Amino acid sequence: MAQAGGGWSRFLKVYNPLKAGSIDGTDSRPHDRGIERAMESVYVPNKDLKSDPTRTLFIGRMNPDTDEESLYRRCSEYGAIESLTLVRDVVTGFSKQYAFVEYELQRDADEACMELDSSYLDNHKIFVDWECSRTLPGWIPRRLGGGFSGKKESGQLRFGGKDRPFKKPIILSRDEKIATDAGRMDRRDEKERSSRDRDRGRDRDRDRDKERGRERGRERGDREDREWDRGRQRGGSYERDKYRDRDRHRDRERRSEKDHYRERRDDRDRRDRRDREDDRDRGGWREREEEWKMERDRESLDVKKRRFTEIKVEMDD
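Residues numbered from 1 in each chain as written. Predicted model: local features only at pLDDT ≥ 70, side-chain atom pairs only at ≥ 80, totals over all residues. Heavy atoms only, no water.

How we decide: UniProt positions are given in the numbering used here, feature names are shortened, and annotations may be inferred rather than shown by experiment.
As named in an unreviewed UniProt entry, the protein chain is U11/U12 small nuclear ribonucleoprotein 35 kDa protein, taken from Holothuria leucospilota. Under the Subcellular location (unreviewed entry) heading, UniProt states for the protein chain: "Nucleus".

Below, the structure written as structure tokens:
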């Protein structure tokens, strides 16, 4: 349990990976591999850092597109900045989405820590806290399994910090505590037994597959031996029969391909004949249409001639 002056505290005063991995700081055994790794790790802060840790802020959960210029412009609203470091990947140069900002005055750092936390920078809600590597004894960073906060999806939440403080523990009697610990141990043992059972099941399946493969190989060998013996009894050669069967198979494939191409060619010829017949039909229709048109023109001309003759006769009379 986190202690501060002999009483319970929501925050860790000395970093302890085992306590940080517990929602109330009361765990006695690590519940994930990250905590185990953190308990075995030793972290030494960078001695080459020249910034003052008491005036240095940690800014995380930043937009990956945020650069030094926009971060400086935002942080300088609360006071003069002594130094600013945006942490980037050494290979790609991309931002790792956190930075360290040192202010010239302590009061400016205090104000920025309160005002910037949970504010938005480039459409991202940022997290702001004091630097821990040189101010919190026993600090283990996140990359070694320690740190604070985290995502629920990772299954490696860390408590006792500003973002996820401890929750007040439920005080259990001695018998209840023993029963709770026994239940946890039973669940862990059950999980280990299930894992061992799964592994044994996979091993059995693997052995069964291997045995089936060996049986199929033996059956194939026996079949080839029988075929060889039959070939020798017939006075022939097994190898000759095998190659003959292979040639027959190839001949069947070739015939099948020829039949396929022959069918395609016949279909193409039928389509061509049908198109030519359609063209002839359309051509004959055009000729008949021209004849009908000429016949209509002749009839019209005859009508006009008769009408002209009638008019002329009337005028002569």
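**Side note on a negative patch on the surface**
Test applied: Within this analysis, patches are made of residues with over 30% relative accessible area and no salt bridge. Like charges are joined at 9 Å or less; nonpolar side chains (Val, Leu, Ile, Met, Phe, Trp, Tyr) at 5 Å or less. Accessible areas in this description were obtained via Shrake-Rupley with a 1.4 Å probe; residue shielding takes into account the shown protein chains only. Counted as salt bridges are all cases of a side-chain nitrogen of Lys or Arg within 4 Å of a carboxyl oxygen of Asp or Glu. None of His or the chain ends enter the tally, which takes Lys and Arg as positive and Asp and Glu as negative. By convention, the charge on Lys lies at NZ, on Arg at CZ, on Asp at CG and on Glu at CD. Only DSSP runs of H or I reaching four residues or more are called helices, and only runs of E reaching two or more are called strands; each is numbered from the N terminus.
Together, Glu263, Asp266, Asp269, Asp272 and Asp275 line one region of the surface with negative charge. Structurally, Asp272 is set in helix 6 (residues 238–316).

**Observations regarding the sheet that holds strand 4 (residues 81–88)**
Cut-off, in case you're wondering: By this definition, two strands are paired if DSSP reports at least two bridges between them. Helix axes are fitted only over the stretch in contact, all axes being lines through C-alpha atoms; the angle between N-to-C directions runs from 0 to 180 degrees. Contacts are assigned to residue pairs that have any heavy atoms within 4.5 Å of one another.
Taken in spatial order, the four strands make up an open sheet running 4-5-3-8, and their pairing is antiparallel. Either end of the sheet is taken by a strand with one partner, and the two such strands are strand 4 and strand 8 (127–130). The mean inter-strand angle of the sheet, taken between neighbouring strand axes irrespective of direction, is 20°. Looking at chain direction, strand 3 (residues 56–60) and strand 8 are connected through four bridges and run antiparallel. Counterpart to Ile59 in the pairing with strand 8 is Val128. Seen against the sheet, helix 3 (residues 68–75) touches strand 3, strand 4 and strand 5 (95–103) and runs at an angle of roughly 140° to strand 4. Sitting on the sheet, helix 4 (residues 106–116) touches strand 3, strand 5 and strand 8, and the angle it makes with strand 8 is about 145°.

**With respect to a positive patch on the surface**
On the surface, Arg264, Arg265, Arg268, Arg271 and Arg274 cluster together into a positively charged patch. Inspection of the secondary structure puts Arg268 in helix 6.

**Focus: helix 2 (residues 33–40)**
Operational definition: For each residue, the accessible area found with a 1.4 Å probe, counting protein chains only, is set against the maximum for its type, and the residue is called buried under 20%, exposed over 50%, and partly exposed in between. Taken from the helix axis, the directions to the C-beta atoms give the arc we talk about. Here a polar contact means two N or O atoms within 3.5 Å. Within protein one must be a hydrogen donor candidate and the other an acceptor candidate, and residues neighboring in sequence count only if both atoms are side-chain atoms.
Within the sequence span of helix 2, burial applies to Gly34, Ile35 and Ala38. Looking straight down helix 2, one finds its buried side chains confined to an arc of 100°; they lie on one side. Residues of helix 2 that are exposed and angled more than 90 degrees away from the buried face: Arg33 and Glu40. If you follow the buried residues of helix 2, they end up packed against helix 1 (17–20). Measuring from the backbone nitrogen of Gly34 back to the side-chain oxygen at the start of helix 2 gives 2.9 Å, which picks out Asp32 as the cap.

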